[in-house]
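Coordinate analysis (summary)
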Amino acid sequence: MASDKTVVLITGASSGIGLESVIALAQKSPDFDILLGSRSVEKGKKTLDDIRSSHASSLKGSISLLSIDVTDQKSIVAAKEEVETKFGRLDVLINNAGIIVTRQTDTLTKLRETFETNVFGPAIVTETFEPLLKKSSNPRLIYTSSDQGSIAHRLDPRYKTKYKIRGDYYRMSKSALNMLAACHKVDFAEWGCKVCAFNPGFCVTNLTGEAGRAMRIQNGARDARDAADALVEVVTGQRDADIEKSGIVDLDGGVLPW
Ligand SMILES: NC(=O)c1ccc[n+]([C@@H]2O[C@H](COP(=O)([O-])OP(=O)(O)OC[C@H]3O[C@@H](n4cnc5c(N)ncnc54)[C@H](OP(=O)(O)O)[C@@H]3O)[C@@H](O)[C@H]2O)c1
């Protein structure tokens, strides 16, 4: 069944920025078919039920659940086949799922897990969904990255609050993700796909667990809805001038250096 709406897939949408982006898009317009990507079907169903009961009167676009674990190739292929059967194409892919490994474990495990989810996952998701994006008349590919992955910022002591933050493995993964976005920005321009890396800013989410959530609130992190509203602008073309620039599209406007 083809859709005349804009078909948007957001990975890692059972929580945080992904979840708020699903809500923000569905509130923006009836012209979206939004796929709420979740690695856990149970959590995804609950999330969708919660969205429907808390925002019933403001939702315009349609939302459906898509099971997708970005570290599991079989799950990615099954998700692609489901989207193909249901919609025949994909207009917007938001590679949003991401992690920070906070538990105590050895460095190699931390590095492997971080890169599996934050880099290898999005690379394989994009590769798998590329044929469906190519069937769109206005394809977009968005990578939820981070200013923590900006090498220019890492070396600049003027970014005082962030200069002392370590997070080496997470930073490395987002720098690698930025390169993936840069490669696709060049390569996918050939078939008209707009590509960007997006910085959602420092937000209150579950990225660093319950303790991290409290720390984020204490340190003035923003509501994830701010990031979601900016993502909606990227999806709807309001930030196309920034996408054309070289850099990470920032939630507050403009781009950050790679
Ligand atoms: N929050 C910030 O301050 C901040 C700043 C810069 C960038 N970011 C980036 O924003 C993105 C969203 O993070 P968030 O802050 O919203 O954190 P979050 O609340 O923890 O959300 C992360 C989402 O990713 C999902 N996920 C994790 N591993 C996955 C996998 N293997 N397959 C599919 N989904 C998976 C999680 O699913 P479960 O619910 O099943 O765990 C969750 O839905 C990440 O890429 C993060 O790096 C966040």
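First things first, this report covers the structure right here in the doc. (Residues numbered from 1 in each chain as written. Predicted model: local features only at pLDDT ≥ 70, side-chain atom pairs only at ≥ 80, totals over all residues. Heavy atoms only, no water.)

Quick look at the overall build of the protein chain
For the protein chain, the helix and strand inventory stands at ten helices and ten strands. Relative to its length of 258 residues, the protein chain is compact, with a C-alpha radius of gyration of 17 Å against a globular reference of 18 Å. Judged by the C-alpha coordinates and their principal axes, the protein chain covers about 50 × 40 × 35 Å. Residues counted as buried form 49% of the 258 residues belonging to the protein chain. (Helix = DSSP H or I, 4+ residues; strand = E, 2+ residues; numbered from the N terminus. Rg over C-alpha atoms; globule rule 2.2 N^0.38 Å. Buried < 20%, exposed > 50% of the residue type's maximum accessible area, 1.4 Å probe, protein only.)

Some thoughts on the pairing of strand β3 (residues 62-67)
Across six bridges, the pairing between strand β2 (residues 32-38) and β3 is parallel. Bridged to G37 within β3 is L66. (Pairing = 2+ DSSP bridges.)

Comments concerning the site of the ligand
In the vicinity of the ligand there are 30 residues, among which S15, K43, Y170, C203 and T205 approach most closely. One of the side-chain nitrogen or oxygen atoms of Y170 is found 2.6 Å away from an oxygen atom of the ligand. Here N206 contributes a backbone N or O atom positioned 3.1 Å from an oxygen atom of the ligand. In isolation the ligand has 890 Å² of accessible area, and contact with the protein removes 93% of it. Elements that contribute at least two residues to the shell around the ligand include exactly α1 (16-28) and α7 (168-187). Considered class by class, the residues forming the shell around the ligand number eleven nonpolar, 14 polar and five charged. (Near = heavy atom within 4 Å. Polar contact = N/O pair within 3.5 Å; in protein donor to acceptor, adjacent residues only side chain to side chain. Areas by Shrake-Rupley, 256 points an atom, 1.4 Å probe, with all protein chains shown as cover. Nonpolar A, V, L, I, M, F, W, Y, C, P; charged D, E, K, R; others polar.)

Let's talk about the side chain of T128
Its location among the elements puts T128 in helix α4 (residues 107-133). For T128, the contacting residues outside a window of four places in its chain are I76, V77 and K80. (Contact = heavy atoms within 4.5 Å.)

Digging into the sheet that holds β2
Taken in spatial order, the eight strands of this open sheet run β3-β2-β1-β4-β5-β6-β9-β10, and their pairing is mixed. Lying at the two open borders of the sheet, with one neighbouring strand each, are β3 and β10 (255-256). Two elements, strand β9 (residues 248-250) and β10, share two bridges in a ladder whose sense is antiparallel. Within the sheet, the bridge partner assigned to I248 lies in β10 and is L256.

Some remarks on the packing of α1 against helix α9 (residues 224-236)
Packing of α1 against α9 brings their axes to within 8 Å, and their N-to-C directions diverge by 55°. Judged on the interaxial angle alone, α9 and α1 are oblique. You can see that α1 and α9 cross each other, and the crossing is right-handed. On α9, the residues that touch G16, I17, E20, S21, I23, A24, L25, Q27 and K28 of α1 are A224, R225, A227, A228, D229, L231, V232, V235 and T236. Of the residues contributing to the contact of α1 with α9, the split by class is ten nonpolar, four polar and four charged. (Axes fitted to C-alpha atoms, helices over the stretch in contact; angles between N-to-C directions. Parallel < 35°, antiparallel > 145°, perpendicular 65-115°, else oblique. Left-handed = near helix turned anticlockwise from the far one by under 90°.)

Points about the state of the cysteines
Per the stated rule, a full pass over the model turns up zero disulfides. C183 takes part in no disulfide bond, and the closest cysteine sulfur, belonging to C193, lies 14 Å away. Accessibility expressed as a relative area gives 35% for C183, which makes it partly exposed. (Disulfide = S-S within 2.5 Å.)

Looking at the environment of F202
The topology assignment puts F202 in the loop between β6 (194-199) and β7 (203-204). For F202, a relative accessible area of 31% gives the class partly exposed. For the pair F202 and V119, spaced 83 residues apart in sequence, the C-alpha to C-alpha distance is 20 Å. In this view, F202 contacts M215, R216, N219, A221 and R222; residues no more than four positions away in its chain are not counted.

Description of the side chain of D147
Mapped onto the secondary structure, D147 falls in the loop between β5 (140-144) and α5 (151-154). At 3.4 Å, the side chain of D147 and the side chain of S146 are in polar contact. Leave out the neighbours within four places in its chain, and D147 touches H153, K162, N199 and L256.

As for the environment of G88
With respect to the helices, strands and loops of the structure, G88 is situated in the loop between α3 (73-87) and β4 (92-95). It is 24 Å that separates the C-alpha atoms of G88 and A181, two residues lying 93 residues apart in sequence.

Coordinates in, geometry out; function isn't part of it.
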